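A structural walkthrough
Chain residues, written in single-letter form:
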Amino acid sequence: MRFWFFLKLAIVWGGIRSIISMKIKFSHEFEELVDMENLIDGWQEFLKGKKNKKDVQEFQFHLMDNILSLHRDLINGNYKHGGYECFKINDPKPRDIHKALVSDRLLHHAVYLKLYPFFDKTFIEDSFSCRIGKGSHKAINRFREFSYIVSKNHTKICWTLKCDIKKFFASINQTILIKILDERISDKKIVGLLKEIIGSFNSGRKEIGLPLGNLTSQLFSNVYMNEFDQFVKHKLKIRHYIRYADDFVILSEDKNYLKKIIPVIGDFLQNNLSLTLHPDKIYIKTLYSGVDFLGWFNFPHHKTLRNKTKNRMLAKIKENKNLKTLSSYIGLLKHGSTQKVKDKVLKLYVSGGWEL
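Conventions we followed
- Residues numbered from 1 in each chain as written.
- Predicted model: local features only at pLDDT ≥ 70, side-chain atom pairs only at ≥ 80, totals over all residues.
- Heavy atoms only, no water.
- Phe/Tyr/Trp six-rings, centres within 6.5 Å; stacked < 30°, edge-to-face > 60°.
- Buried < 20%, exposed > 50% of the residue type's maximum accessible area, 1.4 Å probe, protein only.
- Lys NZ or Arg CZ within 6 Å of the ring centre and 35° of its normal.
- Salt bridge = Lys/Arg side-chain N within 4 Å of Asp/Glu carboxyl O.
- Helix = DSSP H or I, 4+ residues; strand = E, 2+ residues; numbered from the N terminus.
- Patch = residues over 30% accessible without salt bridge, like charges linked within 9 Å, V, L, I, M, F, W, Y side chains within 5 Å.
- Areas by Shrake-Rupley, 256 points an atom, 1.4 Å probe, with all protein chains shown as cover.
- 1 Å grid on protein atoms, 1.4 Å probe; cavity = no way out; pocket = protein on both sides within 12 Å on 5 of 7 lines; lining within 4 Å.
- Points joined across faces, edges and corners; volume = space filled by probe spheres on them.

**A closer look at the packing of aromatic side chains**
Applying the stated rule across the entire model yields 13 aromatic pairs. Ring plane angle 80 degrees and centroid distance 4.9 Å describe the contact between Phe118 and Phe119, whose orientation is recorded as edge-to-face. We classify Phe119 as buried; its relative accessible area is 1%. Taking the centre distance of 5.2 Å and the plane angle of 65 degrees together, the rings of Phe168 and Phe169 count as edge-to-face. Since its relative accessible area comes to 5%, Phe168 is described here as buried. An aromatic cluster is present here, built from Phe228, Phe231, Tyr241, Phe248 and Phe268 joined pairwise through their rings. For Lys134, the ring lying beneath its charged end belongs to Phe128, and the centroid distance is 4.9 Å.

**Notes on the pattern of salt bridges**
Under the criterion given, the structure shown has 14 salt bridges. Across the pair Lys179 and Glu183 runs a salt bridge whose closest N-O atoms are separated by 2.9 Å. Residue Lys179 and its partner Glu183 are both found in helix H9 (residues 174-184); the two are separated by 4 residues, about one turn of the helix. Residue classification places Glu183 among the partly exposed residues on the basis of a relative accessible area of 29%. What emerges from the salt-bridge pattern is a single network uniting Glu125, Asp126, Arg142, Glu145 and Lys233.

**Focus: a nonpolar patch on the surface**
Side chains of Ile40, Met64 and Leu68 sit close together on the surface and give an oily, nonpolar patch of about 220 Å² of accessible area. The residue Ile40 is located in helix H3 (residues 36-47) in this model. Residue class for Ile40 comes out partly exposed when judged on its relative accessible area of 31%.

**Some points on empty space enclosed by the protein**
Enumeration according to the criterion identifies 2 cavities of 30 Å³ or more in this entry. Roughly 60 Å³ of volume is contained in the largest cavity. If you go around the largest cavity, the residues you meet are Lys23, Phe119, Thr122, Phe123, Ile180, Arg184, Val223, Asn226 and Glu227. Every element with two or more residues in the lining of the largest cavity is listed here: H9 and helix H11 (215-235). In terms of residue count, the dominant contributor to the lining of the largest cavity is H11 (3 residues).

Treat this as a map of the structure, not an account of what it does.
In structure tokens:
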């Protein structure tokens, strides 16, 4: 009797496990994604902060005609993503930004409005980049929370492994990304549209890279790296792991363990996502020596701004002499031990004749 009881239990548990392991799918249909209401909602989101841009004003002059034309092309299967305008920024290092046409960026927002709520539910709690209610400050707070746990309230040594991925956006494999999306999305017309958006970008290497200027790239990069997040959390069973874009940290009381998992992590990234750990940005340090994470040096009981972050901030203040800029950076400085930097900022304000 006991044998049959445990056999039945095993069968039931096996069924439950198979249900749990099944990937939940995005159930919306293509027509919902590209209907007029969602395109207009996408326009309203896209328009924020861009009303004075010339190309946006030109599109808005014949707004309904342009949206109707986009809608027809999407419904009829005639939509083709346009090209990109490329320009460089320094924030903080040189980056190439690719700007799509207004109609394409409107579509990016419409796609994002439908896809983001679904995919966000599939992400781990400790992924913080480009997510509503998350952000860098929340990531640093989580880092401090983990550091207390691992160090037993700073009575033990807490080791931190910090890594980032070499040329992350420029290295994302479009074929792998589309495969991941296809596994999650039931309607193949939607997959075809996403394939058109993803494949519109040509980095010079066939089917490699995402454009930094697309809103969809923020979501797609998280979908892509979620494969790694799930591996770290559920295969390696690492509890104290935080990721922000392509930067991630793992905290442990065991330095040797952190050394051992570096090649395991590297192999997964290379074999499954065609990504490479940056060889010059792999660090194992104690919390007491200060961990450089998201612009701050984090110590057991305080944190200080990284010099590059501080210098970049002061340079931007000199360029934008207004109280809005001042207020923004004073708000940032409240998050750490920054009295000397605050004094410099206020000195710039007093001596600079700032505009109200």
